Amino acid sequence: MSDRDPYFDNAKYLAIVLVVCGHMIEDLRDDPIAHALYFYVYVFHMPLFITLSGYLSRNFTFSSGKARKLIATLAVPYVLFELAYAVPRLLLYGKLELSLLDPYYLTWFLMSLFLWRLSTPVWQQLRRPLAVALGLSLLSGTSALPDELSMNRTLGLLPFYVLGLMLRPEHVELLRRPSMRIVGAVTLAAGLAAALLLHDVVPTEWIRWRHANTAIGVDDVTGSLIRLGMLAAGAVLVAAFMAVTPRGRTWFSGLGAATMYAYLLHGFVVKVAEHLDLGVPLSIALGVAVATVLCTPPVRAAFGWAVEPRMSWAFTALRRPVR
């Protein structure tokens, strides 16, 4: 019997559905509804994934076993998919650009998560880790950081990872109370209403975390206030989403353990769908189907070599630290 908590697998599955659907409608943003939905989803879908990643990384250390898992589950897949996504980029856009330090498309998350996990022991030693992470996030917007290591996103979204690290089971239990489900649903509905009203007012770049304040056209004071607002909105919607997530086992609980497959593989489907005139409803339906199928056992069996490669052959025997 598995001792996995289905609640977190449920949250991860629903989060990857949002990610895939967000990418599926990205090219349809000339439609006001598509643009509003895109804006709404992007405010919190990756913050949700990052917060969950932080919570599930609370026990990360620099021990040999954890370090090897970090290499096998993030570093090696990053290299493989960075190379793999160069192929459609060449075929569709005639560009062949390879740079392992400058993530392309959706591989930025692997790079950032690798760096966040490495920093985990540092955050666990600080007295006010979330305040420090928040300060670094706001400061990152005041500088034109290089694209290497996805620095803007790595630092800009850092508070969500640290938030996840700081969460305790009792905090999660508070969100899982039945009474919080109503509050969460109302909050998500209010967020959608706000997105419908504001999606044309707030530039899309604020929800992508890719550029400095000046590149988006504002001074640093204004930019910092906007970033603070986006961080707060993301945190509130993440909490609301976690509140409405089913806590018991569902038909999709097993799929939630394989969301990295859907994340890394769905980009190939999206690149093809961009050249089809599917419309918003069909694109969303396809996104749900793609997210679901890519988490299934047959896909895991076919692509496990790339997403979860077995790297035991590359490592020495486990060594104990020298005292």
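Residues numbered from 1 in each chain as written. Predicted model: local features only at pLDDT ≥ 70, side-chain atom pairs only at ≥ 80, totals over all residues. Heavy atoms only, no water.

This model, assessed by the stated rule, comprises 16 aromatic pairs. Look at W251 and F252: their rings are 5.2 Å apart centre to centre, the planes differ by 90 degrees, and that puts the pair in the edge-to-face class. Residue W251 is classed as exposed on the basis of its relative accessible area of 64%. Overall, F252 belongs to the buried group, its relative accessible area being 9%. Among the aromatic residues, ring-to-ring pairing joins F81, Y85, Y104, Y105 and F268 into one connected group. Lying over the aromatic face of Y38, R29 brings its terminal NZ or CZ to 4.7 Å of the ring centre. When the ring centre of Y105 is taken as origin, the NZ or CZ atom of K271, which lies over that ring, is 4.2 Å away. (Phe/Tyr/Trp six-rings, centres within 6.5 Å; stacked < 30°, edge-to-face > 60°. Buried < 20%, exposed > 50% of the residue type's maximum accessible area, 1.4 Å probe, protein only. Lys NZ or Arg CZ within 6 Å of the ring centre and 35° of its normal.)

Our next topic: the environment of V201. Here V201 lies in the loop between helix 10 (178-198) and helix 11 (213-216). By relative accessible area, V201 is classed as exposed at 60%. Between the C-alpha atoms of V201 and A86, which are 115 residues apart in sequence, the distance is 34 Å. (Helix = DSSP H or I, 4+ residues; strand = E, 2+ residues; numbered from the N terminus.)

What follows concerns the environment of I50. Within the fold, I50 resides in helix 2 (residues 32-55). Take I50: its relative accessible area is 0%, and that puts it in the buried class. Measuring from C-alpha to C-alpha, the distance between I50 and G164 comes to 7.5 Å, with 114 residues separating the pair along the chain. In contact with I50, other than residues within four places in its own chain, are F109, W116, L157, F160 and Y161. (Contact = heavy atoms within 4.5 Å.)

On the surface, a nonpolar cluster with roughly 530 Å² of combined accessible area is contributed by V79, L83, L90, L96, L98 and L100. Tracing the backbone through its elements, the reader meets L98 in the loop between helix 4 (86-93) and helix 5 (108-123). Among the residues examined, L98 registers a relative accessible area of 55% and is labelled exposed. (Patch = residues over 30% accessible without salt bridge, like charges linked within 9 Å, V, L, I, M, F, W, Y side chains within 5 Å. Areas by Shrake-Rupley, 256 points an atom, 1.4 Å probe, with all protein chains shown as cover. Salt bridge = Lys/Arg side-chain N within 4 Å of Asp/Glu carboxyl O.)

Before going further, it helps to spend a moment on the packing of helix 5 against helix 8 (residues 158-166). For any two helices packed against each other, one specifies the inter-axial angle together with the distance between the axes. The N-to-C vectors of helix 5 and helix 8 enclose an angle of 50 degrees; their axes lie 11 Å apart at closest approach. As far as their axial angle goes, helix 8 and helix 5 are oblique. Helix 5 and helix 8 meet at a crossing whose hand is right-handed. Every residue of helix 8 that contacts helix 5 at L113, W116, R117, T120 and W123 is listed here: L158, Y161, V162, L165 and M166. Looking at side-chain class alone, the contact of helix 5 with helix 8 contains 8 nonpolar, 1 polar and 1 charged residues. (Axes fitted to C-alpha atoms, helices over the stretch in contact; angles between N-to-C directions. Parallel < 35°, antiparallel > 145°, perpendicular 65-115°, else oblique. Left-handed = near helix turned anticlockwise from the far one by under 90°. Nonpolar A, V, L, I, M, F, W, Y, C, P; charged D, E, K, R; others polar.)

I16, F44, M46, I50, F109, W116 and Y263 are the most contacted members of the largest nonpolar core, which totals 84 residues. In terms of residues, this core owes the most to one element, helix 2, which gives 13 residues. (Core = buried A, V, L, I, M, F, W, Y, C linked by side-chain atoms within 4.5 Å.)

Turning our eyes to something else, we now look at the packing of helix 6 (residues 129-140) against helix 8. For the pair helix 6 and helix 8, the least separation of the axes is 8 Å and the interaxial angle reads 170 degrees. With respect to their mutual orientation, helix 6 and helix 8 come out roughly antiparallel. When helix 6 is examined against helix 8, the residues P129, L130, A133, L134, L136 and S137 are found in contact with a partner set consisting of L158, P159, V162, L163 and M166. Per-class residue counts for the contact of helix 6 with helix 8 are 10 nonpolar, 1 polar and no charged.

Moving on, we get to the pattern of salt bridges. The tally for this structure, following the rule as stated, stands at 7 salt bridges. Residue E26 pairs with R208 through a salt bridge whose shortest N-O separation is 3.0 Å. Taken together, the residues span a long stretch of sequence, with E26 in the loop between helix 1 (6-24) and helix 2 and R208 in the loop between helix 10 and helix 11 at a distance of 182 residues. A residue is classified by how much of its surface remains accessible, and E26, at 19% relative accessible area, is buried.

In this model, helix 2 (24 residues) spans 35 Å end to end at C-alpha, consistent with the 34 Å of a helix rising 1.5 Å per residue. Its maximal kink placed at Y42, helix 2 deviates by approximately 35 degrees. Backbone nitrogen of I33 and a side-chain oxygen of the N-cap are separated by 2.8 Å at the start of helix 2; the cap is D31. (Expected span 1.5 Å × (residues − 1). Bend = angle between axes of the 7 residues up to and from the residue. Polar contact = N/O pair within 3.5 Å; in protein donor to acceptor, adjacent residues only side chain to side chain.)

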